[in-house]
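# Summary of the model geometry
Below are the chains, spelled out letter by letter.
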Amino acid sequence: MDKVTGNMEENPNLPHPVPTPNLPPDTKPECVDFPKYSIVGRRGIGSAGRQINLLTNHFKVSVNVPDAVFYQYSVSITSEDKRAVEGKGIGRKLIDKLYQTYSSELAGKKFAYDGEKTLYTVGPLPQNKLEFTVVLEDSFAKRESESLVGGNDGESSNGSTKRSKRSFQSKTFQVEISYAAKVPLKSIFLGLKGMDKVNNGQDALRVLDIVLRQTAAKWGCLLVRQSFFHDDSRNFTDVGEGVAGVKGFHASFRPTQGGLSLNMDVSTTMILKPGPVIEFLLTNQNVKEHRYIDWAKAKKMLKNLRVKTRHSNMEYKVVGLSDKPCNQQFFPMKLRNRKGPDDEEQTVDITVSEYFIKHRGIELTFSAYLPCLNVGKPKRPNYLPLELCSLVSLQRYTKALSSMQRASLVEKSRQKPPERIRTLVDALRNYRYDEDPVLAACGISLEKQLIQIKGRVLESPKLKVGNGNDCIPRNGRWNYNQKTLLQPSKIERWVIVNFSARCDTSRLSREFIDCGRTKGVQIDCPVALIEEDSQLRRESPLRRVERMFEKIREKLSRPPNLILCVLAERKNSNIYGPWKKICLSDFGVVTQCISPFKINDQYLTNVLLKVNSKLGGINSLLAIEHSSSVPIIKDTPTMILGMDVSHGSPGRSDMPSIAAVVGSRCWPLISRYRASVRTQSPKVEMIDALFKPSADGVDDGIMRELLLDFYQSSNGRKPTQIIVFRDGVSESQFNQVLNIELEQIVKAYQNLGETNIPKFTVIVAQKNHHTKLFQANSPENVPPGTVVDSMIVHPRNYDFYMCAQAGMIGTSRPAHYHVLIDEIGFSADGLQNLIHSLSYVYQRSTTAISIVAPIYYAHLAAKQMSQFIKFEDLSETSSGQESIASAPPVPELPRLHENVCSSMFFC
């Protein structure tokens, strides 16, 4: 970093200034080839902590025919007009019909079909290439040929309604099956032993998982990756606004240290609540009468949904709404046996309402005055009255849930450990996977009980609080009763602004000051209590925020040190985004937003913890950190990074992703962090701004910012060890983390003039997995500090499970840590103890958290900074499939004001 030492010394408050070396103005950093990294294997297992007997939701798999070979075939399906046929629904129906019709030609081989273009059989088919003609009474064909209003239905000569003769028309398809490859089942077991290092049995595992999906598809389940959901109303949970959670199961085969296992877990996905369309619209828009429905919003919500009609029991896809209500919407109806002078069938204009009364014998009630559903094509609209249509079940809802919906889902779907165990064991017995023909041909059988494993419970780390007093967490929790904060900051020159009509700010300020006094924080009286003008509450959020800042400037001669902002809504307030942006980016003042429904000591203590951290104070430290004795880190300047990428909400493919990296500061502390955040292209997981050189060679990337801050806050020490915690990536992306992100970190370090590359330890943390841990002899959740690094872990790679938090509700989910590289050289116990300790340094909490604090901070920073961009202006119709040339430019985030750039603002 010698090239930019002068920049590092710009902070006049550094306790030990470092002399600036004299460098020629044209000095360029020496380019050093960065090393190529590969994922390391397991070096050992830990032994620290007390032993504990556990159960896990894995079921042992036995294979009696390990020499079985899957033959992979490519499947091509074309219709009569030679067009390729795609879609899992029709694909599965065609293959099922093919097997029924041509079983002998297929030599009776059982198959696994992925629903698209690949089919597997146990043993070879008679020929490498087979062609079949399959006749299918296609439900899709019937839907198109049985006419709706505006189609071919007409009036017979005796006045009765005519049914289309094409209603039962079948379609003919050509199916071509071509040999592609062999997939030996034994590759799984070679991979378990480390003898198949190229594929590791992944292809064979994929075949077994396809078998599970195929079985669920035959049951009529909704399939979401490796989870499946039955159409059973007993599994539905209403979460409001016409949305329901449906409980199902995840099932996948996993290679583990203990052999092949089936991982089963309870899973939940969101669907639109089935039932009458009109009831759905009323619930979705939270209105009680039809006249209050917002039809523009309804049109957007209903588009592409499937409905079933009461009068014909047919399914259709909604493409839109009619322009006029049923009793005013005309369409041309053809009249049978009535030809005009030019020998063409005569038509008559008739309203949808009149049609159903005269030709269907159905008199419409309320829907006669409402728009119709359009289920036709652009040039051939077909109309259906709302009251005759119901939403088909198991239609996924992919938009983001509101805070109320999310809270309702969590409340209604949580399960205590004994209930979850019982649900999983019953499901495995009921579904009888090992009776599937493909699995049976391989001799695969499943044990019907959860696997028993050994775990260890690590001892909670000791904390230091005010006056250097010890604080020993109990069951992963502690409090500040009769305790003070370790390094309290003084809160002076602060104001309260109030956007909520129900909050008494005078009482709030008094009780906040009293709370601070008991925790060792000196809080002066606020210099102003500023209420929002009631007439402004109907203005736009930005206007309300701007007006509030005008009032602050009117009352104060200079900016305050802290603004306590009272919002009316606890979550998802539309004031929050513009308020944070102006405070942190434009105004440069620390702010804390609150929404106190109930003001008590516990609530105010939590607020105080956040405020103290933002103002530079420290609430608590690890005892080993307080005494500068963190193993391995104490003697060598070590930087800890937490990295996360936050993507746009479901259904918003145009929303930029937010990449956030937090870096530790003030070495040898491991509790202090600073964040750096950038936008990047939507749905891109790899962070592309860690190293970002401009045309003139100046780096404007994330790492430069964090490296300089580490240097400035650590008495001029440069990190020679870097520990990277990466969140949110799957196993298939591990090599990208090393070859893309770690490469950028090295380049950023070299760009600062360094030739000696730090030692790295890179760890991926996953929360979105399906392994659960249960105590073998207790109905309670596993105790905090539970770690498992044998039996159910990867057979060769370096991974382990840790449940650092105390599970108070539902069933605890452990974090799954994967060590990709470890140049620093931690022992198994050393690394696990460090990770466990980093779950206790989260400054805004008095409990151990479920994942290391650096990752949690990165997640919070990305989430908060995403509020800075006004995404409403971006197109909501962007498909996410557009070419780079046509994609809108990614908006940049505004940078933090220099007054708060080193603050833990994400608290």
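This text goes with the structure placed above it.
Bear in mind the structure is a predicted one, so any value in this text is a computation, not a measurement.

### Notes on the overall build of the protein
For the protein, the helix and strand inventory stands at 20 helices and 39 strands. Per-residue burial for the protein yields a buried fraction of 54% across its 907 residues. Long-range pairs, those at least 24 residues apart, make up 73% of the contacts in the protein with a sequence separation of at least 6. Looking at the protein as shown, the accessible area adds up to about 41200 Å², and 47% of this sits on carbon and sulfur atoms.

### Notes on the nonpolar core
Phe 760 and Tyr 817 are the most contacted members of the largest nonpolar core, which has 116 residues in total. Setting aside anything within four residues of it in sequence, one finds Tyr 817 in contact with Ile 763, Val 764, Ala 765, Tyr 798, Asp 799, Phe 800, Met 802, Ile 835, Ser 850, Ile 851 and Val 852. With 43 residues, the next largest nonpolar core counts Ala 68, Leu 185, Val 207 and Leu 262 among its residues.

### Re the pattern of salt bridges
Counted according to the given criterion, the structure contains 37 salt bridges. Residues Asp 533 and Lys 551 are paired through a salt bridge, measuring 3.2 Å at the closest nitrogen-oxygen approach. Of this pair, Asp 533 sits in the loop between strand 27 (528-531) and helix 13 (541-555) while Lys 551 sits in helix 13, and the two are 18 residues apart along the sequence. Three or more residues are tied together by salt bridges with common partners; here these are Arg 665, Arg 674, Arg 678, Glu 705 and Asp 709.

### Details of the pairing of strand 14 (residues 306-309)
Only one face of strand 14 is covered, namely the one carrying Val 307 and Thr 309; the face carrying Arg 306 and Lys 308 has none of its residues buried. In terms of strand pairing, strand 14 meets strand 21 (residues 389-391) through 3 bridges, oriented antiparallel. What sits directly across from Thr 309, in strand 21, is Cys 389.

### A closer look at the packing of aromatic side chains
Note on aromatic pairs: each is described by the distance of the centres and the angle between the planes. Under the defined criterion, the tally for this structure stands at 22 aromatic pairs. Seen in terms of ring centroids, Trp 219 and Tyr 431 are 4.9 Å apart; in terms of plane orientation they differ by 35 degrees. Their pairing is tilted. Of this pair, Trp 219 sits in the loop between helix 5 (202-218) and strand 8 (222-224) while Tyr 431 sits in helix 10 (residues 417-431); the two residues are 212 residues apart in sequence, bridging distant segments of the chain. Judged by relative accessible area, which is 35%, Trp 219 ranks as partly exposed. The class for Tyr 431 is buried, based on a relative accessible area of 15%. Seen in terms of ring centroids, Tyr 673 and Tyr 857 are 5.6 Å apart; in terms of plane orientation they differ by 50 degrees. Their pairing is tilted. You can see Tyr 673 sitting in strand 33 (residues 673-680) and its partner Tyr 857 sitting in helix 20 (residues 853-865), a full 184 residues away along the chain. The exposure class assigned to Tyr 673 is buried, which follows from its relative accessible area of 0%. Residue Tyr 857 is classed as buried on the basis of its relative accessible area, which comes to 0%. Taken together, the aromatic side chains of Trp 219, Phe 228, Phe 249, Tyr 431 and Tyr 433 make up a single cluster linked through ring pairs.

### Thoughts on the side chain of Ser 837
Position of Ser 837 relative to the elements: it lies in helix 19 (residues 828-837). Judged by its relative accessible area of 9%, Ser 837 is buried.

### Structural notes on unusual backbone geometry
A negative phi holds for most residues other than glycine; trans holds for most peptide bonds. Pro 668 follows Trp 667 through a cis peptide bond whose omega is 15 degrees. Residue position: Pro 668 is located in the loop between strand 32 (657-664) and strand 33. Here Arg 225, not a glycine, exhibits a phi torsion of approximately 55 degrees, which is positive. What makes Arg 225 exposed here is its relative accessible area of 68%. The phi angle at Ser 628 is positive, at roughly 55 degrees, despite the residue not being glycine. In this structure, Ser 628 sits in the loop between helix 16 (623-626) and strand 31 (638-646).

Rules used in this analysis
- Residues numbered from 1 in each chain as written.
- Predicted model: local features only at pLDDT ≥ 70, side-chain atom pairs only at ≥ 80, totals over all residues.
- Heavy atoms only, no water.
- Helix = DSSP H or I, 4+ residues; strand = E, 2+ residues; numbered from the N terminus.
- Buried < 20%, exposed > 50% of the residue type's maximum accessible area, 1.4 Å probe, protein only.
- Contact = heavy atoms within 4.5 Å.
- Areas by Shrake-Rupley, 256 points an atom, 1.4 Å probe, with all protein chains shown as cover.
- Core = buried A, V, L, I, M, F, W, Y, C linked by side-chain atoms within 4.5 Å.
- Salt bridge = Lys/Arg side-chain N within 4 Å of Asp/Glu carboxyl O.
- Pairing = 2+ DSSP bridges.
- Phe/Tyr/Trp six-rings, centres within 6.5 Å; stacked < 30°, edge-to-face > 60°.

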